[in-house]
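Inside the fold
Residues per chain are reported as follows:
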Amino acid sequence: MSERLTVLKTYKLYVGGKFPRSESGRVYEVTDSKGNWLANAPLSSRKDARDAVVAARKAFGGWSGATAYNRGQVLYRVAEMLEGRRAQFVHEVADAEGLSKSKAAEQVDATIDRWVWYAGWTDKIAQVVGGGNPVAGPFFNLSSPEPTGVVAVLAPQQSSFLGLVSVLAPVIATGNTAVVVASENAPLPALSLAEVLATSDVPGGVVNILSGRTAEIATPLAAHQDVNAIDLAGADEVLAKELEIAAADNLKRVLRPQPVDDWSAAPGTDRMTAFLETKTVWHPTGSLGASGSAY
């Protein structure tokens, strides 16, 4: 019996619910921690970044307009799909980060749990950061959170899967859409996550995933007039400063890099509230007659 050849996987970008190659036709070699070749990943261009923003903006209305409960159901479905492909992600994370299979399994399990955690928050965050405000007058005064819009997310460089999900999930859980720049040296778990998103209930364009040189992709995203916010988790200090200056042109919300020693630690709500706006509505209580009685 002849020895069969392994069918190598072709990794592609994820933009607008589809899997295009980079418009430039470029790829770059991805290696493991020992320098062994793993795959060729797409080397995204500025045009790819602009296309991803267009897709994210197109998807924003439907995603932000969905009920919070529905978004929670969709995120939970992603966790279900990840659970079914657990073995694949354990293999990819082990290769990407130079971990043993057992350590990689811990990272993947924590990642799946992180999706479930944020799925549970979708219809609860409004109760934490919104509510009725006491005012001196016959008015209802109500504050409620609303998504910021299109958010560019630079995934952490060293945590290829858990770190990625920890910065992506809170963005979409609160109704934003995302353009993700995967870890430059370890993009394969992110590109495989795209396959999970495409076969779950996440509408096309809600998450767009690009791989390549972080600085090359992030620069046009930071300067893009239709990007409302940017998370600089995957940028070093020099790049973060440059991107922050570029982002100031249209007053983007900027979340500067925060040192994270352990991505598996409880994340809190900070990354959800970072990309929420607060809408406050005043409404007359409907005072009745001279007595001032009201409902």
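Our structure's up above, just so we're on the same page.
1. Some remarks on the sheet that holds strand 9 (residues 253–255)
Pairing between the strands of a sheet comes from backbone hydrogen bonds, and it takes one of two forms, parallel or antiparallel. As summarised here, the arrangement of the five strands in space is 7-6-5-8-9, forming an open sheet in which the pairing is parallel. Both edges of this open sheet fall to strand 7 (207–210) and strand 9, since each of them pairs with a single strand only. Each strand axis lies, on average, 15° off the axis of its neighbour in the sheet, ignoring direction.

2. Some points on the sheet that holds strand 3 (residues 131–132)
Taken in spatial order, the three strands of this open sheet run 3-4-10, and their pairing is antiparallel. What marks the edges here is a single partner per strand, and that holds for strand 3 and strand 10 (276–284). Of the pairings in the sheet, the one linking strand 4 (residues 139–147) to strand 10 comprises nine bridges and is antiparallel in character. In the strand pairing of strand 10, leucine 142 is matched with valine 281.

3. A few points about the pairing of strand 1 (residues 27–31)
Here strand 1 runs beside strand 2 (residues 37–42); their pairing, made up of five bridges, is antiparallel. From the neighbouring strand, threonine 31 faces strand 2, where its bridge partner is tryptophan 37.

4. Some remarks on helix 6 (residues 162–173)
Within an α-helix, residues lying three or four positions from one another point in the same direction, as the helix has 3.6 residues per turn. Spanning twelve residues, helix 6 covers 16 Å between terminal C-alpha atoms, matching the ideal 16 Å at 1.5 Å per step. Where burial is concerned, most of helix 6 is hidden: twelve out of the twelve residues are buried. Taken as a whole, helix 6 has its buried residues at Leu162, Gly163, Leu164, Val165, Ser166, Val167, Leu168, Ala169, Pro170, Val171, Ile172 and Ala173. Positioned one or two residues after helix 6, glycine 175 has a phi angle of 100°, which is positive.

5. Remarks on helix 4 (residues 101–121)
Between its first and last C-alpha atoms helix 4 spans 30 Å; for 21 residues at 1.5 Å apiece the expected length is 30 Å, and the two agree. Looking at helix 4, one finds that the buried residues are Ala104, Ala105, Val108, Ala110, Thr111, Ile112, Arg114, Trp115, Tyr118, Ala119 and Trp121.

6. Some remarks on the pattern of salt bridges
According to the stated counting rule, one finds 14 salt bridges in the structure shown. Of the charged contacts in the structure, one is a salt bridge between glutamate 195 and lysine 9, with a shortest N-O distance of 3.0 Å. Here the residue glutamate 195 occupies a position in helix 7 (residues 188–198), and lysine 9 occupies one in the segment before strand 1, the gap between them amounting to 186 residues. Given a relative accessible area of 32%, lysine 9 falls into the partly exposed group. Across the salt bridge formed by aspartate 231 and arginine 271, the nearest N and O atoms sit 2.5 Å from each other. Remark: arginine 271 occurs in helix 10 (residues 270–273) and aspartate 231 occurs in strand 8 (residues 229–231); sequence separation between them is 40 residues.

Quick notes on the rules
- Residues numbered from 1 in each chain as written.
- Predicted model: local features only at pLDDT ≥ 70, side-chain atom pairs only at ≥ 80, totals over all residues.
- Heavy atoms only, no water.
- Pairing = 2+ DSSP bridges.
- Helix = DSSP H or I, 4+ residues; strand = E, 2+ residues; numbered from the N terminus.
- Axes fitted to C-alpha atoms, helices over the stretch in contact; angles between N-to-C directions.
- Expected span 1.5 Å × (residues − 1).
- Buried < 20%, exposed > 50% of the residue type's maximum accessible area, 1.4 Å probe, protein only.
- Salt bridge = Lys/Arg side-chain N within 4 Å of Asp/Glu carboxyl O.

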